[in-house]
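Coordinates in review
Each chain is listed here by its residues.
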Amino acid sequence: MESTSPDAESGDKCAINGDCSPISNKDSNGLNHAKNIDDISTPSELKFDEDFEFEDPDITEKRKEIEKCLSNPDVVNLEQWVHFAKSKAGLISDEYRRKIWPLLVGVTQEEMTEPPSLDELSTHSEYNQVVLDVNRSLKRFPPGIPYEQRVALQDQLTVLILRVIIKYPHLKYYQGYHDVAITLLLVCGDKASFPLLCRLSYGPNAPLAPFMQATMQPTQHLLNFMLPIIRRGDDRLAECLDKSGVGTMFALPWYLTWFGHSLNRYADVVRLYDYFLCAPPLFPVYVTAALVLQRAPDVLACDADMAMMHCLLSRLPDDLPFEDILVTAKKLYEENDPLDLEGEVATLEKKEEEQRRLDEERMRRRAAGRARPVSRGWRSLPAALRRPGPRRAALALAAALLAVYVYYRPDLFREQDEDL
């Protein structure tokens, strides 16, 4: 797909498949402050996998198949790895993910090079912001990790992020990028996670590329597909969301971080990454829609109030059935091609733009009213007193006489105050 150069006035443009163009003749060092969202700086605390005595026999059989393929990976085609990643339980364990995630996106062994030291990258203009975000991500590290390992992991995460934005200087770092990076780093290590994160950030089908443009426009456009998808799945639920005016912002952290910021269970996060790494770039939006559809009873029982609805939807429970949600999302994608939804998205965005224009006009009128100078005399009285009936005329006259009397005899009122 042909790339388009973002324009400061027309806004960034990004195709459904994630093809976002480099930014030419722009300052490559500016932070994308517009995309930083307040609550993304306090990530959920992950609960890492626990050992279970019982395993589903189907999963045990799948584990044997994966181990057999990994024993001779050169003869296994991509479709087989994709099947493992998308089918029930995904890639099962990080031991398998460490080897298969790079294969899913085409990373070669030659690309897994030694990273530079943190000192070599510390002069980059975005270094301080990246360090701040990395320091906020401590809860996403394995629980009980020794101090020395934690510090080393923080440094590796900082280096990983800086390497990508130095390699692609037209890409803009956003808060939440570190949530994706830490997931890749925890699973694949510092050598493999760099080319893997590069594949996700830049290229014709890079799913994170829309988030790394100069403005929020490409991301918001893609997230706007969520509501038409929900409408195709449950019209009553879509009407409820529309009536509340909740919009799509509650799902922004889900989309920006592939749920890495919003879920408490580590197993849920990496299970979703199994699927997303080999799915179409827009598929995470279909998962957001499927997740809302899964919670339809709670949404329909909630008051049609924007604040209450946002609070309900943005707080994800720990027991979400993600295998069922992924099945629903796959069905929604197969039945509702993104190209078929573009008309509904355009209508939605036109409606939002019109509402935004009306809101801005209302604000301008209010500001003009507050800035109007206060005149003196009869015209400064309220409209009801400027056009009085008999009682209002008498009240206006009494008020005027009292004002004159107070002006000429203020001493009388001061004496009364002193007596009190």
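Residues numbered from 1 in each chain as written. Predicted model: local features only at pLDDT ≥ 70, side-chain atom pairs only at ≥ 80, totals over all residues. Heavy atoms only, no water.

Quick notes on the overall build of the chain
Applied cut-off: Helix and strand assignments come from DSSP, with helices taken as H or I runs of at least 4 residues and strands as E runs of at least 2, each series counted from the N terminus. Should any heavy atoms of two residues lie within 4.5 Å, those residues are counted as being in contact. Note on areas: Shrake-Rupley, 1.4 Å probe, and residue coverage restricted to the protein chains presented here.
Scanning the chain for helices and strands turns up 20 helices and zero strands. Taking the contacts inside the chain whose residues are at least 6 apart along the sequence as the reference set, 76% of them involve residues at least 24 apart. When the accessible surface of the chain is summed, it comes to about 22900 Å², and 52% of that surface belongs to carbon and sulfur atoms.

A short note on the packing of aromatic side chains
In plain terms, the rule: What counts as a ring pair is set by centres within 6.5 Å for rings of Phe, Tyr and Trp (its six-membered ring), and what kind of pair is set by the plane angle: stacked under 30 degrees, edge-to-face over 60, tilted for all other angles. The rule is simple: take the accessible area with a 1.4 Å probe, protein chains only, and divide by the maximum for that residue type; under 20% is buried, over 50% is exposed, in between is partly exposed. In this scheme, the term charge over a ring applies when either NZ of a lysine or CZ of an arginine sits within 6 Å of the ring centre and within 35 degrees of the ring normal.
Evaluation of the coordinates by the stated rule reveals 17 aromatic pairs. Judged by centre distance (4.8 Å) and plane angle (10 degrees), the ring pair of Y275 and F283 falls under stacked. No difference in accessibility class separates Y275 from F283, as the two residues are buried. Its end group placed over the ring of F194, R163 keeps NZ or CZ at 3.7 Å from the ring centre.

Topic: the nonpolar core
Quick note on the threshold: Nonpolar cores are built from buried Ala, Val, Leu, Ile, Met, Phe, Trp, Tyr and Cys residues. Side-chain atoms within 4.5 Å join them into one set.
Of all hydrophobic cores here, the largest spans 110 residues; its most connected members are W101, L104, I230 and L241. Ranked by residue count, the leading element in this core is helix α7 (residues 177–201), at 15 residues. Here I230 is in contact with L237, A238, L241, A289, V292 and L293, once residues within four sequence places are set aside.

Points about the environment of A289
Mapping A289 onto the fold places it in helix α13 (residues 283–294). The exposure class of A289 is buried, given its relative accessible area of 0%. Each C-alpha atom of the pair A289 and L227 lies 7.2 Å from the other, and the pair is 62 residues apart in sequence. With near-sequence residues (within four places) excluded, A289 lies in contact with M226, I229 and I230.

Details of the packing of helix α10 (residues 235–244) against helix α15 (residues 306–314)
Operational definition: The angle between two axes is taken between their N-to-C directions and runs from 0 to 180 degrees, where each axis is a line fitted to C-alpha atoms and a helix contributes only its stretch in contact. Here is the rule for angles: anything less than 35 degrees is roughly parallel, anything more than 145 is roughly antiparallel, 65 through 115 is roughly perpendicular, and the remaining ranges are oblique. Charged residues are taken to be Asp, Glu, Lys and Arg, nonpolar residues to be Ala, Val, Leu, Ile, Met, Phe, Trp, Tyr, Cys and Pro, and polar residues to be all remaining types, Gly included.
The N-to-C vectors of α10 and α15 enclose an angle of 125 degrees; their axes lie 8 Å apart at closest approach. Judged on the interaxial angle alone, α15 and α10 are oblique. Contacts from C240, L241 and S244 in α10 reach M306, M309 and L313 in α15. Of the residues in the contact of α10 with α15, the class split is five nonpolar, one polar and no charged.

Things to note about the pattern of salt bridges
Note that side chains of opposite charge can pair when their charged atoms are close. Counted only if it meets this: The salt bridge criterion pairs a side-chain nitrogen of Lys or Arg with a carboxyl oxygen of Asp or Glu, the two atoms within 4 Å.
With the rule as written, the count across this model stands at 18 salt bridges. Its salt-bridge partner being K331, residue E335 comes within 2.8 Å of it at the nearest N-O pair. Of this pair, E335 and K331 both sit in helix α16 (residues 322–335), four residues apart, roughly one helical turn. Note on K331: relative accessible area 48%, which makes it partly exposed.

A few points about the packing of helix α3 (residues 94–104) against α7
This is how it is decided: Working rule for handedness: look at the near helix, and if it is turned counterclockwise from the far one by less than a right angle, call the crossing left-handed; if clockwise, right-handed.
Following both chains from N to C, one finds α3 and α7 inclined at 25 degrees, their axes separated by 9 Å at the closest point. If you check the angle between α3 and α7, you find them roughly parallel. The two elements α3 and α7 meet at a crossing, and its hand is right-handed. Only T183, L184, V187, C188, A192 and L196 of α7 make contact with α3, whose side of the interface consists of D94, R97, R98, W101 and P102. Broken down by class, the residue content of the contact of α3 with α7 amounts to seven nonpolar, one polar and three charged.

Details of the confidence of the model for the chain
Note the cut-off: A residue's pLDDT is the predictor's confidence in that residue, given on a scale from 0 to 100.
When pLDDT is averaged across the chain, the result is 81; 75% of the residues are at 70 or more. Taken as a whole, residues 23–45 scores under 50 in pLDDT and shows 65 contacts with residues more than four places along the chain or in a different chain. Predicted confidence is poor over residues 403–420, with pLDDT under 50, and the contacts of this stretch with residues over four places away or in other chains come to three contacts.

Observations regarding the environment of V292
Its place among the elements puts V292 in helix α13. For V292 and M226, which are 66 residues apart along the polypeptide, the C-alpha to C-alpha distance reads 9.5 Å. Not counting residues within four places of it along the chain, the set of residues in contact with V292 comprises I230, L237, L241, F250, W254 and L313.

Here's the deal with the environment of L103
With respect to the element layout, L103 can be found in helix α3. Placed 26 residues apart in sequence, L103 and N77 show a C-alpha to C-alpha distance of 9.7 Å. In this structure, L103 is in contact with L78 and W81, ignoring residues within four places of it in sequence.

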